[in-house]
Amino acid sequence: MGQSASLSIVLPAKNEAEGLQRTLPELRQRFPEAQIIVVDDGSTDATADIAAGHGAQVLRSPYSMGNGAAVKRGARAASGEILVFMDADGQHGAEHVAALLAKLAEGFDMVVGARDASGQASLSRGLANAFYNRLASWMTGHRVEDLTSGFRAVRADKFREFLHLLPNGFSYPTTSTMAFFRSAYAVAYVPIPVAKRVGTNSHIRPLKDGVRFLLIIFKIASLYSPLKLFAPTAVVFFGAGAGWYAWTLHESGRFTNMSMLLFSAAVIVFLIGLISEQITNLTYRRDG
């Protein structure tokens, strides 16, 4: 695939002037012909000036719209047939971009840089990501090594098919990965080391982001196959209703309102899952 003009590298950046000082020169040295786009997501430091000074194309937002919004803006502005998305904080090295491109050249549609345990921000984040990976692997039937990694190379035409699905927040990697699997596009993983971020300005907020990552679980299900979430939940409600009915029948010889409520919940949850499955099928249908 090589270092051709068909390559666009997109870096979402919010107050990452220090990280860009290191990342951009390395990218320009290794990929002199590539289009480099820095999407300044409402930075209050010299992020835009640093990016422009290193010859990058700068897209500025007057206020912060979110990491996913920056990715979408960068994808729309990119002219390359291949898009590489990477962090601007120095965690992703320019030397690893070639590994993603080489894997992509084998016929894959998306290649994700998979972090090891040392690349996780904290133990709790690492455990949460491991859980998401296992859940996504079960949902898709394919091994998902790093569901939330933002370092990836994709074919631009296929990635743009799902721009309308991508959230403006931090879970764009989850959404895009599951969308590619759902549409039968080939996805591969390449193990990469992750350096310590440059600077101390972390955008992770433990409480708020903990709730947000919990919601990723439900997003995974709704994006890929809702029935895989709703059907087991319906079975749990039905089993609870049957168990409660057996108990009350044995103890007092009657059928209680609680049993009826649990049976009704089982039916309702299953029907919601069935409708969600049909909506998902329509979402990913491609005519023509």
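Given the structure is predicted, the values throughout are model-derived calculations rather than measurements.

The rules behind the values
Residues numbered from 1 in each chain as written. Predicted model: local features only at pLDDT ≥ 70, side-chain atom pairs only at ≥ 80, totals over all residues. Heavy atoms only, no water. Patch = residues over 30% accessible without salt bridge, like charges linked within 9 Å, V, L, I, M, F, W, Y side chains within 5 Å. Areas by Shrake-Rupley, 256 points an atom, 1.4 Å probe, with all protein chains shown as cover. Salt bridge = Lys/Arg side-chain N within 4 Å of Asp/Glu carboxyl O. Helix = DSSP H or I, 4+ residues; strand = E, 2+ residues; numbered from the N terminus. Buried < 20%, exposed > 50% of the residue type's maximum accessible area, 1.4 Å probe, protein only. Core = buried A, V, L, I, M, F, W, Y, C linked by side-chain atoms within 4.5 Å. Contact = heavy atoms within 4.5 Å. Polar contact = N/O pair within 3.5 Å; in protein donor to acceptor, adjacent residues only side chain to side chain. Pairing = 2+ DSSP bridges. Axes fitted to C-alpha atoms, helices over the stretch in contact; angles between N-to-C directions. Expected span 1.5 Å × (residues − 1). Bend = angle between axes of the 7 residues up to and from the residue. Right-handed = clockwise from strand over helix to strand, strands pointing away.

Chemist: What is the right way to read a nonpolar patch on the surface from this model?
Modeler: Together, Trp244, Trp247, Met258 and Leu261 make up a nonpolar patch on the protein surface, roughly 450 Å² of accessible area in all. Those elements that place two or more of their residues in the nonpolar patch are α9 (227-252) and α10 (257-283). One can find leucine 261 in helix α10. Look at leucine 261 and you get exposed, because its relative accessible area is 55%.

Chemist: What am I meant to see in the nonpolar core here?
Modeler: For soluble globular proteins, the rule of thumb is that nonpolar side chains tend to be buried together. Judged by nonpolar contacts, the single largest core of 40 residues is most densely connected at Leu83, Phe85, Phe159 and Met178. Here the element with the most residues in this core is helix α8 (residues 206-224); it accounts for six residues. Residues contacting leucine 83, with those up to four places away along its chain left out, are Ser8, Ala75, Ala78, Arg152, Ala153, Val154, Ala156 and Phe159.

Chemist: Explain the side chain of serine 176 here, please?
Modeler: Mapped onto the elements, serine 176 comes out in helix α7 (residues 172-182). What makes serine 176 buried here is its relative accessible area of 2%. A distance of 3.1 Å separates the side chain of serine 176 from the side chain of arginine 152, its partner in a polar contact. Leave out the neighbours within four places in its chain, and serine 176 touches Met110, Arg152, Phe159 and Leu166.

Chemist: Help me understand the sheet that holds strand β2 (residues 35-41) in this model?
Modeler: Either a parallel or an antiparallel arrangement is found when strands of a sheet pair, and the pairing is made through backbone hydrogen bonds. Spatially, β3-β2-β1-β4-β6-β5-β7 is the arrangement adopted by the seven strands of the open sheet, whose pairing is mixed. For this open sheet the edge positions go to β3 (57-61) and β7 (187-192), each flanked by a neighbour on one side alone. The sheet shows a mean angle of 20 degrees between the axes of neighbouring strands, taken without regard to direction. The pairing of strand β5 (residues 110-115) with β7 spans six bridges and is classified as parallel. Along β7, the bridge assignment pairs arginine 115 with isoleucine 192.

Chemist: I'm lost on helix α1 (residues 17-30) in this one. Help?
Modeler: Because an α-helix packs 3.6 residues into every turn, residues spaced three or four apart end up facing the same way. Here α1 spans 20 Å end to end across 14 residues, near enough to the 20 Å set by a 1.5 Å rise per residue. Taking the largest bend as the criterion, α1 deviates by roughly 25 degrees, centred on threonine 23, and proline proline 25 comes between one and four positions later. Looking only at α1, the buried set comprises Ala17, Gly19, Leu20, Thr23, Leu24 and Leu27. Buried positions along α1 lie against β1 (7-13), β2, α2 (47-53) and α4 (97-104).

Chemist: Explanation requested: the pattern of salt bridges in the structure shown.
Modeler: As a working rule, side chains carrying opposite charge can pair if their charged atoms are close by. Summed over the entire model, instances satisfying the criterion amount to five salt bridges. Residues arginine 60 and aspartate 40 are paired through a salt bridge, measuring 3.6 Å at the closest nitrogen-oxygen approach. In this pair, arginine 60 is assigned in strand β3 and aspartate 40 in strand β2, connecting sequence segments 20 residues apart. The residue aspartate 146 makes a salt bridge to arginine 115 at a minimum N-O spacing of 2.7 Å. Of this pair, aspartate 146 sits in the loop between α5 (123-140) and β6 (152-155) while arginine 115 sits in strand β5, and the two are 31 residues apart along the sequence. When sorted by exposure, aspartate 146 lands in the same class as arginine 115, which is buried. Each member of the salt-bridge network shares a partner with another, and the members are Asp109, Arg155 and Lys158.

Chemist: Please explain the pairing of β3 as it appears in this structure.
Modeler: Strand residues, when the strand is regular, have side chains that alternate between the two faces of the sheet. As paired strands, β2 and β3 are joined by five bridges and run parallel to one another. Within β3, the position partnered with aspartate 41 by the bridge is serine 61. Taking the sense of rotation as the criterion, the β-α-β connection linking β2, α2 and β3 turns out right-handed.

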